[in-house]
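Analysis of the macromolecular model
Here are the chains, one letter per residue:
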Amino acid sequence: KTSEVMNTATRLVARMKRDWMQYGRRPAGLCGAALLVAARLHNFSRSQKDIIKVVRVCDATLKKRLAEFERTPSSSLTIDEFLKIDLEEESDPPCFQQARLRGKQNQLDAPELEGEIARLEKVIDDDLQDVVGVGQKLEMPPAKLHDPCAAKEQ
């Protein structure tokens, strides 16, 4: 059964490589995530702490790799499908996915921001009208320039 876990973990690492997960990553984090998933697929009860001790990575690193793998098409396959089917499609690199999510979030926030800006402009205009008075224009008196030469002539 140990060889099955090893083969599944190797297959997982190969899939992670195809999904661009290994670029800019240390191999220990990928191996740790693959070992944890493979062990659980084959009913080995291994905790994240067990894997962390073996591969010597931080628990946050292991969680990040698992979250990145979760966003790939391979994570949606059943155990039998994963072992039998070799997906041809590739996932985008994790940094592309994060940038795309940020872009979508910014697009969703834009209408809210425009509405907030319009509301604040109206509040400012109303406050200015209260200070200046209704129907009056806010005019600034011309600035008196201090002319040092004029003082000497008098």
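Let us look at the structure shown here. (Residues numbered from 1 in each chain as written. Predicted model: local features only at pLDDT ≥ 70, side-chain atom pairs only at ≥ 80, totals over all residues. Heavy atoms only, no water.)

**Structural notes on unusual backbone geometry**
For Asn43, which is not a glycine, the phi torsion comes out positive at approximately 60°. Within the fold, Asn43 resides in the loop between helix 2 (27-41) and helix 3 (48-55). The phi dihedral of Arg56 is positive, around 60°, even though this residue is not glycine. For Arg56, the location among the structural elements is in the loop between helix 3 and helix 4 (59-70). Residue classification places Arg56 among the exposed residues on the basis of a relative accessible area of 74%. (Helix = DSSP H or I, 4+ residues; strand = E, 2+ residues; numbered from the N terminus. Buried < 20%, exposed > 50% of the residue type's maximum accessible area, 1.4 Å probe, protein only.)

**Thoughts on the packing of helix 3 against helix 4**
Running from N to C, helix 3 and helix 4 point in directions that differ by 110°, and their axes come no closer than 10 Å. Taken together, the axes of helix 3 and helix 4 are roughly perpendicular relative to one another. Where helix 3 abuts helix 4, its residues Gln48, Ile51 and Ile52 lie against Asp59, Leu62, Lys63 and Leu66. Taken together, the residues of the contact of helix 3 with helix 4 sort by class into four nonpolar, one polar and two charged. (Axes fitted to C-alpha atoms, helices over the stretch in contact; angles between N-to-C directions. Parallel < 35°, antiparallel > 145°, perpendicular 65-115°, else oblique. Contact = heavy atoms within 4.5 Å. Nonpolar A, V, L, I, M, F, W, Y, C, P; charged D, E, K, R; others polar.)

**Concerning helix 3**
Those residues of helix 3 that sit buried are Ile51, Ile52 and Val55. With its buried residues spanning 100° around the axis, helix 3 presents them on a single face. Within helix 3, the exposed residues directed more than 90 degrees away from the buried face are Lys49, Lys53 and Val54. Phi turns positive one or two residues past the end of helix 3, at Arg56, with a value near 60°. (Arc of directions from axis to C-beta.)

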